[in-house]
Amino acid sequence: MKTPVLIVGAGPTGLSLACQLIRHRVDFLIIDKKEGTTPYSKAIGVHARTLEIYEQIGLAERAVAEGAIVGKTRLMEEGEIRAEIDLSRFGEGMSAYPFLLILEQGRHEKILHEYITDGGKDVMWQTELISFSQSADGVTAEIRKADGSSETVEAGFLVGCDGAKSLVRHSLGLEFTGGTFERIFYVADVQIDWEYSHDALHLNLSKDTLLGFFPMPGGENHYRIVGSLAEGSERNEAEILYEEIEDVIKNELKHPLDVHDVNWFSTYKVHTRHVNKFSVGRCFLAGDSAHIHSPAGAQGMNTGIQDGYNLAWKLAMVLNGRASVEILNTYNEERLPNAKRLLKTTDRMFELGAGEEWFTAWLRVRVFPYVANIMTRMEWVQRMVFPLVSQIGINYRRSSLSKDAAAVKVSAGDRMPYFLVDGQSIYDRLHEPQFHLIVFNDGSAVQAGMSEDLDGLADVQTIPLYPHIAEIFDTDATFCVLLRPDNYIGFIGKGYDIEGVREYLKKILS
Ligand SMILES: Cc1cc2nc3c(=O)[nH]c(=O)nc-3n(C[C@H](O)[C@H](O)[C@H](O)COP(=O)(O)OP(=O)(O)OC[C@H]3O[C@@H](n4cnc5c(N)ncnc54)[C@H](O)[C@@H]3O)c2cc1C
């Protein structure tokens, strides 16, 4: 078998990478040793940036329709409601998806898988990567199929989306540095009868544990329970039975609840680790194979999806003969610092949510519930927290693909800010998988013939520099932005800087 790209692993990372390659019209082979998409709820939190990415391939609307937007959040102490906050529009004005969406991983993977089959491709299920080697020209992989037979795949590139225990990472000899949390975490997918209504996420705050009840779509009693035991438990997590955890939950909540129909239950220890490099030669890592961390903030799956999104357009450029292989080095350059930041952020989020240090615990239990309502309505809090948690704030300002040639408030390397143009999202104009040059015009004469100058690499749009856009970019003079196919700003220039744009493209693609 021959293929330009071999994707190993069809979890959310591999599946979403495959969707992006379809979008870029790049052929691929995707294999997974499992029988099909996961039947379990696993990762449930889907963030704004993921939905923006899905919007480009027409999947956001379906994801939102099949999921549930987190609206009310009740903060409780020993089951007593201390505050009720509304998070349904927390990121208002920052994204077309200003919320956290709850969508079970099983359903989520099905949506991605259907996009792949609609695109005329499919996952080779029950097919396992056994070994591989690479040369300057390609990768040779041995795979074992469902009937036990082996086959050799010749691939241009290999992407290991094969999860935390990644064979690809091990075979490439990459480090996976970090540590392991002392605590034991648990997760259960259940039906609950209790006094609280299903229209809210319930967080029971305590001085040393984490306990959250996420309302799940598909029934008034359907919840995901996520929690952690206090530090110092000597138990082996694999031996803990669900009944013991139910006792812990009842003891912490101190209010009657009847848990039944336990559909899925798991206990685990959390590792926080990242690779020292996202690629070696023609082989790349994405998702949990490259970074794992605490579930605080629901970041893991969303980050894997963004890894694939970053890599896909670069692979497409190379395979379509539009860029040289050097551009692939920027995958590690951009995603490794992000993985490092992610580990720090999730550690901090976990510390805030369940850390035992007395001051943090005091703030969490005694202060936060009483100020949460006011704080979450403050614009500066929203502007600080939403970009961080929803992943719209990730930037590649230090990347060699980012060039500022005009002093405006937004920098090259930032995600294109969200705003409306004539009542429609700016992102509605950015669906095509190519570069987009946008000139924000202050009323000066329009320069003709720009698109011909760009050799078909970018579409060119001119938009009046409306006051709200002038405010976001903090300038009232014409300027242009060149967006990469992942809608990050590559280049910002003064006026109609066609020369600057051409030079930029020549530099990054040649
Ligand atoms: C309880 C819990 C809750 C979570 N909640 C969230 C959340 O709300 N939001 C969020 O963003 N993240 C969440 N996460 C993290 C999230 O589940 C992971 O980050 C995500 O599943 C990683 O996806 P992946 O595709 O990279 O890896 P995986 O999902 O692990 O998929 C890897 C795939 O590779 C296949 N594979 C492995 N080796 C081979 C091989 N040799 N050959 C062929 N196939 C192979 C496996 O069968 C598997 O299907 C949560 C995690 C846990 C444990």
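Note that the coordinates shown come from a computational prediction; the quantities given were computed from them, not determined experimentally.

Novice: Summarise the overall build of the protein chain; cite the residues concerned and give the values.
Specialist: The helix and strand inventory of the protein chain stands at 13 helices and 26 strands. Relative to the globule expectation of 24 Å for 510 residues, the C-alpha radius of gyration of the protein chain, 24 Å, shows essentially globular dimensions. Structurally, the protein chain occupies a C-alpha span of about 70 × 60 × 40 Å along its principal axes. Across the 510 residues that make up the protein chain, the buried fraction comes to 45%. By sequence separation, contacts in the protein chain at least 24 residues apart represent 69% of the contacts at least 6 residues apart.

Novice: Before we move on, could you go through the site of the ligand and cite the residues and values that matter?
Specialist: Residues in close proximity to the ligand total 31 residues, the closest being Gly9, Gly11, Gly163, Gly287 and Gly300. For the shell around the ligand, the secondary structure elements donating two or more residues are α1 (12-23), β9 (128-134) and α7 (300-319). With four residues, α7 is the single largest residue contributor to the shell around the ligand. Considered class by class, the residues forming the shell around the ligand number 13 nonpolar, eleven polar and seven charged.

Novice: Give a description of the sheet that holds strand β15 (residues 222-228) that names residues and reports values.
Specialist: Read from one edge to the other, the open sheet built from eight strands follows the order β6-β5-β13-β14-β15-β12-β16-β19, with strand pairing classed as mixed. Two strands bound the open sheet, and with one partner strand each, they are β6 (80-86) and β19 (291-292). Strands in contact with helix α8 (residues 329-354) are β12 (176-194), β14 (210-215), β15, β16 (257-275) and β19; relative to β16, the strand with the most contacts, it is inclined by about 135 degrees.

Novice: Give a detailed account of unusual backbone geometry, specifying residues and quantitative values.
Specialist: Non-glycine residue lysine 254 carries a positive phi angle of around 55 degrees. Note that lysine 254 resides in the loop between α6 (242-253) and β16. Overall, the presence of 12 C-beta atoms within 10 Å leaves lysine 254 in the exposed class. One non-glycine residue with positive phi stands out, namely glutamine 391, at about 75 degrees. Structurally, glutamine 391 can be placed in the loop between α10 (379-390) and β20 (403-405).

Novice: Before we move on, could you go through the packing of α1 against helix α4 (residues 105-118) and cite the residues and values that matter?
Specialist: Interhelical geometry of α1 versus α4 gives an angle of 25 degrees and a closest axis separation of 9 Å. With respect to each other, α1 and α4 are oriented roughly parallel. Where α1 crosses over α4, the two elements pack in a sense that is left-handed. Residue-level contacts link Pro12, Leu15, Ser16, Ala18, Cys19 and Ile22 of α1 to Gln105, His108, Glu109, Leu112, His113, Tyr115 and Ile116 of α4. Split into classes, the residues belonging to the contact of α1 with α4 amount to eight nonpolar, four polar and one charged.

Novice: An account of the domain arrangement of the protein chain is requested, with residue identities and associated values reported.
Specialist: Domain parsing of the protein chain yields domain 1 (2-68 + 100-177 + 273-349) and domain 2 (403-509). One C-alpha centre belongs to domain 1, the other to domain 2; they are set 29 Å apart. In this complex, domain 1 contributes twelve residues to the contact, which on the side of domain 2 involves eight residues. Elements with a minimum of two residues in the side of domain 1 that touches domain 2: α2 (48-56) and α7. Broken down by element, the side of domain 1 that touches domain 2 gets its largest block of residues, four residues, from α7. Classifying every residue of the side of domain 1 that touches domain 2 gives five nonpolar, three polar and four charged.

Novice: Which residues make up the pairing of strand β1 (residues 2-8), and what values go with them?
Specialist: Across the seven residues that make up β1, a large majority, five, are buried. Of the strand pairs in this sheet, β1 and strand β11 (residues 150-160) are connected by six bridges, and their pairing is parallel. Each residue of the ladder has a partner; that of lysine 2, found in β11, is glutamate 154. With three bridges joining them, β1 and strand β2 (residues 29-31) adopt parallel strand pairing. Paired with valine 8 across the strands is isoleucine 31, a residue of β2.

Novice: Explain the sheet that holds strand β25 (residues 479-483) to me, and be specific about the residues and the numbers.
Specialist: With mixed pairing, the five strands of this open sheet are ordered in space as β20-β26-β25-β23-β24. Edge positions in the open sheet fall to β20 and β24 (458-464), since each of these has one partner strand only. Taken over all neighbouring pairs, the strand axes of this sheet differ in orientation by 15 degrees on average, direction set aside. Of the strand pairs in this sheet, strand β23 (residues 435-441) and β25 are connected by five bridges, and their pairing is antiparallel. Residue isoleucine 438 lies in a different strand from β25, and its bridge partner there is valine 481.

Novice: Quick one: what's the story with the nonpolar core, residue by residue and with numbers?
Specialist: Counting residues in hydrophobic clusters, the biggest one holds 108 residues, and the most contacted among them are Val5, Leu6, Ile7, Ala18, Leu158 and Val159. Tallying contributions element by element places α7 first for this core, with ten residues.

Novice: Please set out the environment of arginine 82 residue by residue, giving values where relevant.
Specialist: Within the fold, arginine 82 resides in strand β6. Along the backbone, arginine 82 and alanine 405 are 323 residues apart, and their C-alpha atoms lie at a distance of 51 Å. Here arginine 82 is in contact with Leu75, Met76, Glu77 and Pro369, once residues within four sequence places are set aside.

Novice: Account for α8, naming residues and giving values.
Specialist: With 26 residues, α8 should cover 38 Å at 1.5 Å per step; its first-to-last C-alpha distance of 38 Å lies within 8% of that length. Among the residues of α8, those classed as buried are Tyr331, Asn332, Glu334, Arg335, Ala339, Leu342, Leu343, Thr346, Met349, Phe350 and Ala354.

Criteria and cut-off values
- Residues numbered from 1 in each chain as written.
- Predicted model: local features only at pLDDT ≥ 70, side-chain atom pairs only at ≥ 80, totals over all residues.
- Helix = DSSP H or I, 4+ residues; strand = E, 2+ residues; numbered from the N terminus.
- Rg over C-alpha atoms; globule rule 2.2 N^0.38 Å.
- Buried ≥ 20, exposed ≤ 12 C-beta atoms within 10 Å, placed from the backbone.
- Contact = placed C-beta atoms within 7 Å.
- Near = placed C-beta within 6 Å.
- Nonpolar A, V, L, I, M, F, W, Y, C, P; charged D, E, K, R; others polar.
- Pairing = 2+ DSSP bridges.
- Axes fitted to C-alpha atoms, helices over the stretch in contact; angles between N-to-C directions.
- Parallel < 35°, antiparallel > 145°, perpendicular 65-115°, else oblique.
- Left-handed = near helix turned anticlockwise from the far one by under 90°.
- Domains from an automatic or database assignment.
- Core = buried A, V, L, I, M, F, W, Y, C linked by C-beta atoms within 7 Å.
- Expected span 1.5 Å × (residues − 1).

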